[in-house]
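Overview (structure and organization)
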Amino acid sequence: MKRRFHSGIRVKLIFCCFLFAGICAVNSAFAQKTWGCSPEMSDIMLINGKIWTMDSQNSIVSTLWIKDGKIAGTSASPQKPGIATKVIDLMGHTAIPGLIDDHMHFVRTGLLPGHDTRKLETAFSIADVQRIIKAEAVSLPKGTFITAIGGIHPTQFAEKRLPNLKELDEAAFDNPVYLSLSNTGPGQVNSKAKEYFASQGINVAENGVISAAETVSIWYKLLAQHTAADTKLQLENNMDFAASKGLTTIMDLGGAIPDGGWLDPASGYDPLLDLMREDKMPIRLRLSLRNLDTTADLSELKGTLDHVWKEFGNDQLKVIGAGEWLVGITLHSQIPLPSFYEDAVRMVAQRGWVYDQHMINKAQADAHLDIWEKVNKDIPIADLHWKIAHGNGMDPELIARAKALGVGVGAHSWTYLGGKPTGTGNPPFRTLIDSGIQVGGGSDGARIGVMNPWLNIYYMVTGKNCGGDLINPGQTISREEAIRLWTANQGWFTKEEDKLGSLEVGKFADIAVLSEDFFDQNKVSDQDIRNLKSVLTIVGGKIIHNESF
C-alpha cells in the first residue's frame, strides 16, 4: 500500500540565489534582521500560524524553523521568508506539538481480522456508518470482510444502536460486514457476512445479530484468513489514520486477543520491523514488552531482561521498557499478589528498566504500591520513570504514595466508550494534575478504547462518554491542560524529555496543524472537539499527512 501523504497545503518553494546565500553566510545577524533568515538555515519554515509550543511558559509563536528534523528556532513576530528550502504558510491555523498516546495496543491492531475500519470511531449516526463503509467498500476487492472489532459502541450513534442488517446491506452489498463491541460481542452483520458465518457453523440470528458467545469463534474463523501481508497493510492504514488526527507518537503495550491468545513476542513484531526497514513507518512507536510468567522461576521475564537491550532502537522505533504486566493476566489482578511478583519487580528495578503497570481500581493500586514501596527501600526507583497505567480509582492517598516514590500516572480515557459513573471508576484527571505528580494521557485503544485522540480529549474536557452522558463529574480539565497531558508531559515516560513533546529548539519537529482552533470555544464547541483532525502532520521534519485548507 502506498503511504497517503496527500498534497494540497499551500507550500512555497523558495530557491535562493548564490548571492543571497552569500549575504546570509557573511552576516547572519544582518540577514536575519533584514531578510528574516534563520540562523540555522532551516529546511522548512512555518509562517503565519498560531503555534502553541507547550513549553514551560506556554509560548505561542507565529513562525517556526525546522532543520535536520528538529526545531531550529521560533519567533512570536511575523518573519519574512528566508533561506528555508520550503516555506509553508499556515494562514492563521492553530498548530500544536504532535499528539502522544502513552498507552495503546497499536501493534495488536494489525492482527484484527478483516479490513479494520478505524474511521468508524468518528461516526455519530447510522448515516455516518453507512457513508464510511460505502467509501471503504469502493476501495476494496469484492468479498473482503469490512470489520470493526472494538473501538465502537451503540451509544455513540444518534440512534443509540448498531446499524441493522438492511442498513449494512445498503452500505456494502458485495462485501461482508461484521461489527462487534470489543472482541467480546455482541455483534451485527450484513447479509454477505451472515451467509458466510452460517456456512461455518456460527449461529447468526435472522436479523444478523450475533451473540457474545459466538465472538471468539468468529475471531478465529476470520483470523485463519489473515495473512502477514494483511497485518502489514493494516498497520500502515492505522498509522495513516493516526497521522490524520495529529497523533505522531504511540507507546505500545502489546496485547491480547480473545480466549487468552497473545501477541507472540517472538514473531508478533516482525511486520512492524519490516515496515521500518521499508521506510513505511511515518509515526514514532515506543514498545513496552509484556511478560506473562505464572511460576516463581520467572523464566519469561529473565529471558526478556537477558536478551533485549534496554532502551534499544532509534528515534522512530525503540523498546522503552516492560509492561503492562510482569506476571500472568490473572495473577497481576489477584489480591494479594503472588509472592514472586516482588521478585519480578525487584529484578526489573535492578536492571534499571522502565516499567508500566496496569491498575484499574483502588485495590490493585494499593497492592502494587505496597510491593513497589518495599523494593524502593533497597533499590530507589525514582529515576526509573515507572508508571501506573490507567489511574482508575486512584484517590489522593494513593496518588501521594506514588508521588513519593517518584513514579508517574498514565490517565487513560478508555471509559469514554460506553463507560458509566459507577463501576471501576473513571480517571481522576483534575485530582492528578492538582497533586503535581507526573501525569500523561492515553487511550488504551484500539479495542477497549478508541484510537482517535480527539475523542479521548473530548472526554477529559467534558467528562462525557461516547453517548453524551456525564460520567466523570468534578474531574474535568481545561483544553490547554488536556493538550499538555498529550504532548509536553509525555517525554518523561520514555526518558525523552529533551526530545519529545514540545516545540522547543533541539526537540523533534513533530507538529500537528489543526483543522480548527481547538483553544477557541467560540469556534470549536465541546461537541465539535470530536470532529477535529490534523490538516498537516509533520514528524521529524517530514510531512506525513497533508490536506488542502
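Parameters and conventions
- Residues numbered from 1 in each chain as written.
- Predicted model: local features only at pLDDT ≥ 70, side-chain atom pairs only at ≥ 80, totals over all residues.
- Heavy atoms only, no water.
- Helix = DSSP H or I, 4+ residues; strand = E, 2+ residues; numbered from the N terminus.
- Rg over C-alpha atoms; globule rule 2.2 N^0.38 Å.
- Buried < 20%, exposed > 50% of the residue type's maximum accessible area, 1.4 Å probe, protein only.
- Contact = heavy atoms within 4.5 Å.
- Areas by Shrake-Rupley, 256 points an atom, 1.4 Å probe, with all protein chains shown as cover.
- Lys, Arg positive; Asp, Glu negative; His and termini not counted.
- Charge placed at Lys NZ, Arg CZ, Asp CG, Glu CD.
- Phe/Tyr/Trp six-rings, centres within 6.5 Å; stacked < 30°, edge-to-face > 60°.
- Lys NZ or Arg CZ within 6 Å of the ring centre and 35° of its normal.
- Pairing = 2+ DSSP bridges.
- Axes fitted to C-alpha atoms, helices over the stretch in contact; angles between N-to-C directions.
- Core = buried A, V, L, I, M, F, W, Y, C linked by side-chain atoms within 4.5 Å.
- Parallel < 35°, antiparallel > 145°, perpendicular 65-115°, else oblique.
- Nonpolar A, V, L, I, M, F, W, Y, C, P; charged D, E, K, R; others polar.
- Arc of directions from axis to C-beta.
- Salt bridge = Lys/Arg side-chain N within 4 Å of Asp/Glu carboxyl O.
- pLDDT = per-residue confidence, 0-100.

With respect to the overall build of the chain
Looking only at helices and strands, one finds 16 helices and 26 strands in the chain. On C-alpha atoms alone, the chain measures out to a radius of gyration of 24 Å, which is about the 24 Å that the 2.2 N^0.38 rule sets for 549 residues. Its C-alpha atoms give the chain principal-axis dimensions of roughly 75 × 65 × 45 Å. Burial status across the chain gives 60% buried among its 549 residues. Pairs at least 24 apart in sequence give 75% of the contacts found in the chain among residues at least 6 apart. Accessible area of the chain: about 21100 Å², with a carbon and sulfur share of 53%. If the 54 positive side-chain charges of the chain are averaged to one point and the 62 negative ones to another, these points end up 5 Å apart.

Topic: the packing of aromatic side chains
Applying the stated criterion across every chain, the model contains 14 aromatic pairs. Ring plane angle 90 degrees and centroid distance 5.1 Å describe the contact between Trp492 and Phe493, whose orientation is recorded as edge-to-face. Residue classification places Trp492 among the buried positions, given a relative accessible area of 13%. The ring of Phe518 has Arg479 sitting right over it, with the charged end atom 5.4 Å from the ring centre. Sitting over the ring of Phe124, Arg530 keeps its end group 4.0 Å from the ring centre.

Things to note about the sheet that holds strand 14 (residues 209-210)
Across the sheet, five strands lie side by side as 10-11-12-13-14; this open sheet has mixed pairing. Unpaired on one side and paired on the other, strand 10 (115-116) and strand 14 mark the two borders of the sheet. For strand 12 (residues 177-180) and strand 13 (residues 187-189), the ladder comprises three bridges, and the chain directions are antiparallel. Bridge pairing in strand 13 places Leu179 opposite Gln188. Contacting strand 11 (146-149), strand 12 and strand 14, helix 7 (residues 215-223) crosses the sheet at an angle of about 135 degrees to strand 12.

Observations regarding the nonpolar core
Formed by 95 residues in total, the largest nonpolar core has its most connected members in Trp372, Trp386, Trp454 and Ile457. Excluding residues that lie within four positions of it along the chain, Trp372 makes contacts with Tyr341, Val345, Tyr355, Gln357, Met359, Ile381, Trp386, Lys387, Ile388, Leu405 and Val407.

What to know about the packing of helix 10 (residues 299-307) against helix 11 (residues 340-351)
Look at helix 10 against helix 11: their axes get within 11 Å of each other, and the N-to-C directions meet at 5 degrees. Classified by the interaxial angle, the pair formed by helix 10 and helix 11 is roughly parallel. Note on element contacts: helix 11 touches helix 10 through Ala344, Met347, Val348 and Arg351, opposite Leu301, Lys302, Leu305 and Asp306. Broken down by class, the residue content of the contact of helix 10 with helix 11 amounts to five nonpolar, no polar and three charged.

Remarks on helix 7
Those residues of helix 7 not exposed but buried are Thr215, Ile218, Trp219 and Leu222. Projection of helix 7 onto a plane perpendicular to its axis shows the buried side chains occupying an angular sector of 105 degrees, all on one side. The secondary structure elements touched by the buried residues of helix 7 are strand 11, strand 12, helix 6 (191-199), strand 14 and strand 16 (256-257).

Some details on the pattern of salt bridges
Taken as a whole, this structure holds 33 salt bridges when the rule is applied. A salt bridge links Glu342 to Arg346; the nearest nitrogen and oxygen atoms lie 2.9 Å apart. Residue Glu342 and its partner Arg346 are both found in helix 11; the two are separated by four residues, about one turn of the helix. Here Glu342 matches Arg346 in class, with each residue buried. Of the charged contacts in the structure, one is a salt bridge between Asp526 and Arg479, with a shortest N-O distance of 2.9 Å. Here Asp526 is found in the loop between strand 24 (511-514) and strand 25 (534-539), whereas its partner Arg479 is found in helix 16 (residues 479-485), with 47 residues between them in sequence. Counted as one network, the salt bridges with shared partners bring together Glu342, Arg346, Lys374 and Asp378.

Concerning the sheet that holds strand 19 (residues 317-324)
Read from one edge of the open sheet, eight strands run 9-15-18-19-20-21-22-23, paired in parallel fashion. In this open sheet, the two strands that pair with only one neighbour each are strand 9 (99-104) and strand 23 (439-442). Between one strand axis and the next, the sheet turns by 25 degrees as a mean value, whatever way the strands run. Relative to strand 15 (residues 247-252), strand 9 runs parallel, the two being bridged by four bridges. Bridged to Asp101 within strand 15 is Ile250.

As for the confidence of the model for the chain
One rule of thumb: low pLDDT means the predicted coordinates there are not for detailed reading. Of all residues in the chain, 91% have pLDDT values of 70 or greater, and the mean over the chain is 90. Note that residues 1-40 has pLDDT below 50 and, in this model, 78 contacts with residues that lie over four places away or in other chains.

Digging into the pairing of strand 15
Of all six residues making up strand 15, six are buried, and the element is well covered by its neighbours. Of the pairings in the sheet, the one linking strand 15 to strand 18 (residues 284-289) comprises four bridges and is parallel in character. Pairing of Asp252 across the sheet is with Leu287, part of strand 18.

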